[in-house]
Amino acid sequence: HYLAGVGAWLQHCPLAITELVEADNTQQFTATGTYSDGSAEDTTTAVGTIWTSSNPAVATISPGGLATGLVPGTTNITTTISTVTNAPAVLTVTLF
């Protein structure tokens, strides 16, 4: 992902390490891209951002980063922009 007008390439897109949500509830994730020139940009809903849940039976994630807990368990949430994929955030779905 290229930051137009600045001449910088996306290098890193971190997420929170762990999140907790109850089944049938939601958790909003955000992503911030760090560029080669040191600048940062909210990439949560940027064009080309792909959100992924490693276990969609436990939780789904929308194109805007909104996770919905379905059943108790864990899943890894990642974002990918172009060729840059963040380290996963662990989402734990519980019953309270």
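Data block above holds the structure.
Let me sum up the structure you'll find in this document.

Cut-off values and rules
- Residue indices begin from 1 for each chain and proceed along its sequence in written order.
- Confidence filtering applies because this is a predicted model: local features only for residues at pLDDT of at least 70, side-chain atom pairs given and counted only at 80 or more, and all residues used for totals across whole chains, interfaces and linings.
- Only hydrogens and water are removed before side-chain values are computed, so all heavy atoms of the structure are retained for them.
- A run of DSSP states H or I qualifies as a helix once it reaches four residues; a run of E qualifies as a strand once it reaches two. Both are numbered from the N-terminal end.
- Only protein chains enter the accessibility calculation, which uses a 1.4 Å probe; a residue is then buried when its area is under 20% of its type maximum, exposed when over 50%, and partly exposed in between.
- Should any heavy atoms of two residues lie within 4.5 Å, those residues are counted as being in contact.
- Pairing of aromatic side chains requires ring centres within 6.5 Å, counting the rings of Phe and Tyr and the six-membered ring of Trp. Pairs whose planes differ by under 30 degrees are stacked, by over 60 edge-to-face, and all others tilted.
- Put simply, a nonpolar core is a bunch of buried Ala, Val, Leu, Ile, Met, Phe, Trp, Tyr and Cys residues held in one set by side-chain atoms that sit within 4.5 Å of each other.
- Note on pairing: DSSP must find at least two bridges between two strands before they are called paired.
- What counts as an axis is a line fitted to C-alpha atoms, over the stretch in contact for a helix, and the angles between N-to-C directions run from 0 to 180 degrees.

## Some remarks on the overall build of the protein chain
For the protein chain, the helix and strand inventory stands at 0 helices and 12 strands. Its helices and strands in sequence order give the protein chain the pattern β-β-β-β-β-β-β-β-β-β-β-β, from N to C terminus. Here the protein chain, with 96 residues, has 35% of them falling under the buried criterion. Here the contacts in the protein chain between residues at least 6 apart in sequence split such that 49% fall between residues at least 24 apart.

## Some remarks on the environment of Thr 78
Tracing the backbone through its elements, the reader meets Thr 78 in strand E10 (residues 73–81). Considering only alpha carbons, one finds Thr 78 and Val 90, 12 residues apart in sequence, at a separation of 9.1 Å.

## Considering the packing of aromatic side chains
Evaluated as defined, the whole model comprises 1 aromatic pair. Measuring from centroid to centroid gives 6.4 Å for Phe 29 and Trp 51, while their planes differ by 50 degrees, and the two rings are tilted. Of this pair, Phe 29 sits in the loop between strand E4 (26–28) and strand E5 (32–35) while Trp 51 sits in strand E7 (residues 49–53), and the two are 22 residues apart along the sequence. For Trp 51, a relative accessible area of 8% gives the class buried.

## Details of the environment of Glu 22
Here Glu 22 is to be found in strand E3 (residues 18–22). Separated by 49 residues in sequence, Glu 22 and Val 71 have C-alpha atoms that sit 8.4 Å apart.

## Some points on the environment of Ile 61
Note that Ile 61 resides in strand E8 (residues 59–61). Accessibility expressed as a relative area gives 15% for Ile 61, which makes it buried. Placed 33 residues apart in sequence, Ile 61 and Gln 28 show a C-alpha to C-alpha distance of 9.1 Å. The residues contacting Ile 61, other than those within four sequence positions of it, are Phe 29, Trp 51, Thr 52, Ser 53, Leu 66, Ala 67 and Ile 77.

## Let's talk about the nonpolar core
Ranked by internal contacts, the top residues of the largest apolar core, which has 13 residues, are Phe 29, Trp 51, Ile 61, Ile 77, Leu 91 and Val 93. Among the elements that line this core, the one with the most residues is strand E12 (residues 89–94), at 3 residues.

## What to know about the sheet that holds E8
One open sheet accounts for 3 strands, arranged E4-E9-E8; its pairing is antiparallel. With partners counted over all chains shown, the strands left at the sheet margins are E4 and E8, one partner each. For this sheet, the mean angle separating the axes of adjacent strands, direction not counted, is 20 degrees. Pairing of E4 with strand E9 (residues 66–69) involves 3 bridges; the strand directions are antiparallel.

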